[in-house]
Amino acid sequence: MKKKILILHTNMELGGAETSLLGLLWSLDYDRVSVDLFLYAHTGELLPLLPDAVRLLPEQPAYRALCDPIRTAIRQGHPVVAGARLRAKLVTAVRNRKMHFRDYGHALKQRTHAYAVRHLPRIGGDYDMAISFIDPHWIMNRRTSAPVRLGWFHTDCALITPDNPLEEKMWSECTHVVNVSESCKAAFDAVHPALTARSFVMENILAKRFVESRAEMPLPADGMRRDGHINLLSIGRFCEAKNFDNVPDIARRLLADGLPIRWYIIGYGGDESLIRRRIAEAGMEDAVILLGKRDNPYPYIRACDLYVQPSRYEGKSVTVREAQMLARPVVIARYATSASQLEDGADGVIVPQDNAGCAAGIAALLRDPARMARLCDTCRSRDYTNAAEAEKLYRLLFPDGEQ
């Protein structure tokens with residue numbers, strides 16, 4: 001008899017978590033499980049790419065009110081949810097100022113869901129397993145029915161500034177905590193030692209056929225120019241974690257070192273104005289190109305000369321894995337979990353995170369084409385799909401080996 005899984009997520013906008021969710025959905029065995037997907041908002045370029053076997057549950061307006069602008073939520077008849085969001089904004093702003101916290105987004109989202117959850121309708125149906133694929137997990141814990149509840153964690157717990165009492169309570173209501181790398185688990189366990197027995201590692205799953213088939217599509221007309229430049233590429237949300245605000249200065253150093261680079265960035269987010277200002281300040285308008293959203297980033301990955309992830313911190317970058325899957329040379333910054341991302345010198349290179357060190361590391365690699373070719377060859381020889389990771393879910397669903 002099939003086991004029933006409910007998966008909760010925000011939307012299917014372009015992002016690493018959403019790509020990882022797609023990989024999981026495409027890897028499941030639908031002869032063994034049935035999957036209902038509940039999205040708070042039916043939005044996003046990746047929405048049409050859901051497997052046919054997945055049942056997308058109807059959108060509920062109260063949950064959509066968590067995603068829309070607050071004025072829209074009020075106008076659409078959800079003033080209580082809007083009020084919870086306003087309260088969360090106020091409390092987070094005051095507390096962050098008092099505690100000198102830099103991370104606003106994570107704490108705000110945590111409080112928003114904690115304050116709003118009691119005003120949201122239950123998500124009907126009895127399930128064998130519920131998965132909340134991105135934190136916070138209050139909705140899964142308080143508004144669904146399932147004996148097994150998995151809360152996913154995609155980042156390095158040590159590098160965010162959570163509201164500890166709220167975080168501890170939320171995670172304690174999950175029966176299991178899923179970390180995307182061993183480094184992320186170690187960080188989580190250090191912050192939440194009482195929950196160590198509940199946490200385990202499940203690597204991001206990538207669907208190779210999906211990635212490769214999408215990569216074969218033509219590069220758009222406004223894509224990477226082939227005019228004698230070395231094309232670098234980065235992908236991610238425009239936020240503090242991704243460190244794109246430092247790309248213009250790194251690019252300036254590479255050009256000053258005599259390397260004719262052009263650095264393309266695919267993504268969107270709140271830091272766009274900051275990044276554009278840094279581009280102008282560095283005089284890098286012709287060298288750093290913001291491409292914005294791209295429904296299909298894979299032709300860009302296939303076409304780039306070097307994929308660079310300059311992040312301040314990561315859990316486990318999906319786009320780095322995708323670049324490796326497409327056999328591109330990869331450079332990442334030395335963030336806390338970088339050693340779990342790749343094998344330094346074998347299928348990628350880890351460079352210092354400071355701008356001068358990052359530029360020097362990139363320059364050294366670009367001047368060594370034989371080394372770049374070896375990185376590509378190693379990537380071709382390795383399996384980055386992590387398809388076997390899905391077995392960890394089956395072991396929780398079928399604890400006695402039942403089918």
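Before any of the text, the structure's been laid out above.
Described below are features of the structure shown in this document. Values in this document were obtained by computation on a predicted structure and should not be read as measured data. (Residues numbered from 1 in each chain as written. Predicted model: local features only at pLDDT ≥ 70, side-chain atom pairs only at ≥ 80, totals over all residues. Heavy atoms only, no water.)

Taken across its 7 residues, strand S1 (residues 3-9) has 6 buried, putting it largely inside the fold. By the bridge criterion, 7 bridges tie S1 to strand S2 (residues 33-39) in an arrangement that is parallel. Considered in S2, the bridge of leucine 6 is made with aspartate 36. One ladder, built from 4 bridges, connects S1 with strand S4 (residues 129-132); its direction is parallel. Within S4, the position partnered with isoleucine 7 by the bridge is isoleucine 131. (Buried < 20%, exposed > 50% of the residue type's maximum accessible area, 1.4 Å probe, protein only. Helix = DSSP H or I, 4+ residues; strand = E, 2+ residues; numbered from the N terminus. Pairing = 2+ DSSP bridges.)

With that settled, the discussion passes to empty space enclosed by the protein. Scanning all chains against the criterion turns up 3 cavities of 30 Å³ or more. Put simply, the largest cavity is a space of about 50 Å³. Lining the largest cavity are Thr19, Leu22, Gly23, Trp26, Leu206, Ala207, Phe210, Val211, Tyr298 and Glu322. For the lining of the largest cavity, the elements supplying multiple residues, two or more each, are helix H1 (16-27) and helix H9 (208-215). (1 Å grid on protein atoms, 1.4 Å probe; cavity = no way out; pocket = protein on both sides within 12 Å on 5 of 7 lines; lining within 4 Å. Points joined across faces, edges and corners; volume = space filled by probe spheres on them.)

A few words on the layout of surface pockets. The space that makes up the second largest pocket amounts to roughly 170 Å³. Every residue lining the second largest pocket is listed: Gly23, Trp26, Ser27, Ile205, Leu206, Ala207, Lys208, Arg209, Phe210, Thr385 and Ala387. Those elements that provide at least two residues to the lining of the second largest pocket are H1 and H9. The residue makeup of the lining of the second largest pocket, split by class, is 6 nonpolar, 3 polar and 2 charged. (Nonpolar A, V, L, I, M, F, W, Y, C, P; charged D, E, K, R; others polar.)

When we look at burial in helix H11 (residues 272-282), the residues that qualify are Leu274, Ile275 and Ile279. Along the long axis of H11, the arc covered by the buried residues comes to 140 degrees, so they all point the same way. Facing away from the buried surface of H11 by more than 90 degrees, the exposed residues are Ser273 and Glu281. Taken together, the buried residues of H11 touch helix H10 (247-256) and strand S10 (288-292). The positive-phi residue at the C-terminal boundary of H11 is glycine 283, with phi of around 65 degrees. (Arc of directions from axis to C-beta. Contact = heavy atoms within 4.5 Å.)

Strand order in the open sheet formed by 7 strands is S3-S2-S1-S4-S5-S6-S7, with parallel pairing between adjacent strands. A single partner strand is all that each edge strand has here, and the edge strands are strand S3 (55-56) and strand S7 (199-201). Bridge count for strand S5 (residues 148-153) against strand S6 (residues 176-179) is 4 bridges, and the pairing is parallel. Bridged to glycine 151 within S6 is valine 177. Against the sheet, H1 touches S1, S2 and S5, its axis set at about 165 degrees to S1. (Axes fitted to C-alpha atoms, helices over the stretch in contact; angles between N-to-C directions.)

This part is about helix H7 (residues 164-172). All buried positions along H7 are accounted for by Leu166, Glu167, Met170 and Trp171. Down the axis of H7, the sector holding all buried residues measures 120 degrees, keeping them to one side. Check the buried side of H7 and you find it contacts helix H5 (105-116), helix H6 (138-143), S5, S6 and helix H8 (182-191).

By the secondary structure assignment, alanine 17 is in helix H1. Separated by 340 residues in sequence, alanine 17 and glycine 357 place their C-alpha atoms 29 Å apart. Setting aside residues up to four positions removed in sequence, alanine 17 forms contacts with His9, Phe133, Ile134 and His154.

Most peptide bonds take the trans form, and the phi angle of most residues other than glycine is negative. Omega for the peptide link from aspartate 135 to proline 136 comes to 10 degrees, which places this bond in the cis form. Relative to the elements of secondary structure, proline 136 occurs in the loop between S4 and H6. Here the phi dihedral of alanine 327 falls at roughly 60 degrees; this positive angle occurs in a residue that is not glycine. Here the phi dihedral of asparagine 386 falls at roughly 55 degrees; this positive angle occurs in a residue that is not glycine. Position of asparagine 386 among the secondary structure elements: in the loop between helix H15 (369-381) and helix H16 (391-397). For asparagine 386, a relative accessible area of 21% puts it in the partly exposed group.

In this section: the pairing of S5. Most of S5 sits out of view: 6 of its 6 residues are buried. Residues Val148, Leu150 and Trp152 of S5 are buried on one face, and the alternating residues Arg149, Gly151 and Phe153, pointing to the opposite face, are buried as well. Here S4 runs beside S5; their pairing, made up of 4 bridges, is parallel. Counterpart to isoleucine 131 in the pairing with S5 is leucine 150. Handedness of the S4-H6-S5 crossover: right-handed. (Right-handed = clockwise from strand over helix to strand, strands pointing away.)

This next bit is on the nonpolar core. Among the nonpolar cores identified, the biggest contains 65 residues, and Trp152 and Leu233 are the most heavily contacted of them. Non-local contacts of tryptophan 152, meaning those with residues more than four positions away in its chain, are made with Leu24, Ile131, Ser132, Phe133, Ile134, Asp135, His137, Trp171, Val178, Val180, Met202 and Leu393. Within the second largest apolar cluster, 41 residues are counted, among which are Leu108, Ala146, Ile160 and Trp171. (Core = buried A, V, L, I, M, F, W, Y, C linked by side-chain atoms within 4.5 Å.)

Taken in spatial order, the 6 strands of this open sheet run S10-S9-S8-S11-S12-S13, and their pairing is parallel. Strand pairing shows two members of the sheet lacking a second neighbour, S10 and strand S13 (349-351), which therefore form its edges. Averaged over all adjacent pairs, the angle separating strand axes in this sheet is 25 degrees, with direction ignored. Of the strand pairs in this sheet, strand S8 (residues 230-235) and strand S9 (residues 261-266) are connected by 6 bridges, and their pairing is parallel. The residue bridging isoleucine 235 from the neighbouring strand is isoleucine 266, located in S9.

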